[in-house]
Amino acid sequence: MDLFSGLAAKIKGQNKTIVFPEGEDERVLGAAIRLQRDGLLTPVLLGKQAEIEATAKKNNLDVSNVQIIDPGSYPAEDKQAMLDSLVERRKGKNTPEQAAKMLQDVSYFGTMLVYMHKVDGMVSGAVHPTGDTVRPALQIIKTKPGNKLISGAFIMQKGDQRFVFADCAINLELDAQAMANVSIQSAATARLFDIDPKVALLSFSTKGSAKGDMVTKVAEATKLAHELDPELPLDGELQFDAAFVESVGAQKAPDSAVAGHANVFVFPDLQSGNIGYKIAQRLGGFEAIGPILQGLNAPVSDLSRGCNEEDVYKVSLITAAQAVE
Ligand SMILES: CC(C)(COP(=O)(O)OP(=O)(O)OC[C@H]1O[C@@H](n2cnc3c(N)ncnc32)[C@H](O)[C@@H]1OP(=O)(O)O)[C@@H](O)C(=O)NCCC(=O)NCCS
Ligand SMILES: CC(=O)OP(=O)(O)O
């Protein structure tokens, strides 16, 4: 069974509800209608009814059976309950006036539906940049117990090749401890997708071939990650070729059990992580599924603004599957 058939089987019949704050976008609308028609989940679209219907008509889609919430005409009592809950959650950080303003943003509104257990998860980011999509989740839903931070991973897939790349979405800079934490989270994500993790902590240096603070950080992160999970096959610092190509791994890091065989790639910062996944996607022909948020206390998923309908469909399957666990 392929990855997505397995996820579909897992969520079918579970009746998980997923909110789509960008209900007026045609890719989102198309995916939501298909997910409902395929009996995989119940979508809840946020947006203006007339706009959603106009998008549906333009694209020959039937939205008549899909639940739509227009935040502008949400019942006053429900709106007040949402505001009270947000004010309580953000006590000492945001004033009630700020909280009321936040709720005018569909990303905050959708996140509050998740936080208040009115829906099981949220998928957004086809229109909004990542920062605006995930900030509400970071502020309101926060980290899962046992996780110090949230990071963003992609499943990179082509034919029967399947890898995890992280952090490609969230943390601008990672210190050694954060990079170690991302390594452990990414190994867990790999297992969820039937990948037996071998984790490479990436650098422009392999085992001291270059020097500098950036290299030292990755070497230190490798040590810390090893302390966090001594059983996990991981190694660093490794260049990508040493991590991925067996002959180069054997030449540059002959004593490493991971070099040449890595399938989970942890980048040293967001510049390299985000650039790296997009190169593999756009030049390498890999399908990039994600970013999957790791370490968050409820299923919220981001999308790339360059996504298509199929990406929205697949990320929604993952999000609903996280809600089943
Ligand atoms: C994620 C991001 C939006 C957070 O930025 P920010 O809002 O300026 O961050 P702040 O430091 O003000 O933190 C806001 C809240 O989120 C929390 N937070 C921020 N980063 C976090 C992380 N990695 N893990 C867990 N919590 C985090 C903070 O603790 C804070 O919570 P609080 O308000 O309850 O104290 C920012 O790091 C960002 O833009 N990242 C890059 C996104 C991007 O463009 N990616 C490329 C495309 S995918
Ligand atoms: C994940 C990502 O890079 O998102 P976007 O393309 O929307 O910036």
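Residues numbered from 1 in each chain as written. Chains lettered and ligands numbered in written order. Predicted model: local features only at pLDDT ≥ 70, side-chain atom pairs only at ≥ 80, totals over all residues. Heavy atoms only, no water.

The name given to the protein in an unreviewed UniProt entry is Phosphate acetyltransferase, and the organism recorded there is Paucilactobacillus hokkaidonensis. What the UniProt record of the protein gives under Pathway (unreviewed entry) is the line "Metabolic intermediate biosynthesis; acetyl-CoA biosynthesis; acetyl-CoA from acetate: step 2/2." (UniProt positions renumbered as here; feature names shortened; annotations may be inferred.)

Turning our eyes to something else, we now look at the site of ligand 2. Around ligand 2 sit Thr130, Phe154, Asn274, Tyr277, Lys278, Pro291, Ser304 and Arg305, and that is every residue in its neighbourhood. Separating an oxygen atom of ligand 2 from a side-chain N or O atom of Asn274 is a distance of 3.0 Å. Between ligand 2 and Ser304 there is a distance of 2.7 Å, counted from an oxygen atom to a side-chain nitrogen or oxygen. Protein contact buries 87% of the 260 Å² of open area that ligand 2 shows by itself. For the shell around ligand 2, the element with the highest residue contribution is helix α12 (residues 270-282), accounting for three residues. Classifying every residue of the shell around ligand 2 by side-chain character gives three nonpolar, three polar and two charged. (Near = heavy atom within 4 Å. Polar contact = N/O pair within 3.5 Å; in protein donor to acceptor, adjacent residues only side chain to side chain. Areas by Shrake-Rupley, 256 points an atom, 1.4 Å probe, with all protein chains shown as cover. Helix = DSSP H or I, 4+ residues; strand = E, 2+ residues; numbered from the N terminus. Nonpolar A, V, L, I, M, F, W, Y, C, P; charged D, E, K, R; others polar.)

As a structural note, the neighbourhood of ligand 1 is formed by 18 residues, with Arg90, Arg135, Lys142, Ala169 and Asn171 the closest of them. Between ligand 1 and Lys142 there is a distance of 2.7 Å, counted from an oxygen atom to a side-chain nitrogen or oxygen. At 2.8 Å from a nitrogen atom of ligand 1 is found a main-chain nitrogen or oxygen belonging to Ala169. Here ligand 1 has 950 Å² of accessible area as a free molecule, and 63% of this is covered by the chains. Every element with two or more residues in the shell around ligand 1 is listed here: α7 (130-141) and α12. For the shell around ligand 1, the leading source of residues is α7, giving six residues. Grouping the amino acids of the shell around ligand 1 by side-chain chemistry returns nine nonpolar, five polar and four charged.

What follows is about the side chain of Thr17. Within the secondary structure, Thr17 is located in strand β1 (residues 17-20). For Thr17, a relative accessible area of 18% translates into the label buried. Apart from residues lying up to four places away in sequence, Thr17 is in contact with Thr42, Lys118, Val119, Asp120 and Gly121. (Buried < 20%, exposed > 50% of the residue type's maximum accessible area, 1.4 Å probe, protein only. Contact = heavy atoms within 4.5 Å.)

Between helix α4 (residues 76-89) and helix α6 (residues 106-115), whose axes approach to 11 Å, the crossing angle comes to 85 degrees. When the axis of α4 is compared with that of α6, the two are roughly perpendicular. Two secondary-structure elements touch here, α4 through Met82, Ser85, Leu86 and Arg89 and α6 through Phe109, Met112, Leu113 and Tyr115. Class assignment for the residues of the contact of α4 with α6 results in six nonpolar, one polar and one charged. (Axes fitted to C-alpha atoms, helices over the stretch in contact; angles between N-to-C directions. Parallel < 35°, antiparallel > 145°, perpendicular 65-115°, else oblique.)

Let us look at the sheet that holds strand β10 (residues 287-294). Each strand in a sheet pairs with its neighbour through backbone hydrogen bonds, running either in the same direction (parallel) or in the opposite one (antiparallel). Reading across from one edge, β8-β7-β9-β6-β5-β10 is the order of the six strands in this open sheet, with mixed pairing throughout. For this open sheet the edge positions go to β8 (234-238) and β10, each flanked by a neighbour on one side alone. The mean angle between the axes of side-by-side strands here comes to 20 degrees, regardless of whether they run parallel or antiparallel. Pairing of strand β7 (residues 199-202) with strand β9 (residues 264-266), which is carried by three bridges, proceeds in the parallel orientation. Considered in β9, the bridge of Val199 is made with Val264. Contacts between helix α9 (residues 213-228) and the sheet are confined to β7 and β8, with β8 contributing the most and set at about 175 degrees to the helix. (Pairing = 2+ DSSP bridges.)

This part covers the packing of aromatic side chains. With the rule as written, the count across this model stands at 10 aromatic pairs. With a centroid separation of 5.9 Å and an interplanar angle of 70 degrees, the aromatic rings of Phe163 and Phe265 are classed as edge-to-face. Remark: Phe265 occurs in strand β9 and Phe163 occurs in strand β6 (residues 161-166); sequence separation between them is 102 residues. Comparing Phe163 with Phe265 shows no difference in burial state: the two are buried. Exposure remark for Phe265: the relative accessible area of 0% places this residue in the buried category. Taken together, the ring pairs connect Phe163, Phe165, Phe240, Phe244, Phe265, Phe267 and Phe286 into an aromatic cluster. Geometry around Tyr313 places Arg34 over its ring, the cationic atom sitting 4.1 Å from the centre. (Phe/Tyr/Trp six-rings, centres within 6.5 Å; stacked < 30°, edge-to-face > 60°. Lys NZ or Arg CZ within 6 Å of the ring centre and 35° of its normal.)

Right, let's talk about the confidence of the model for the protein for a bit. The predicted model of the protein averages 96 in pLDDT, with 100% of residues at 70 or higher. Under the prediction, the complex receives an ipTM of 0.96, its pTM being 0.93. (pLDDT = per-residue confidence, 0-100.)

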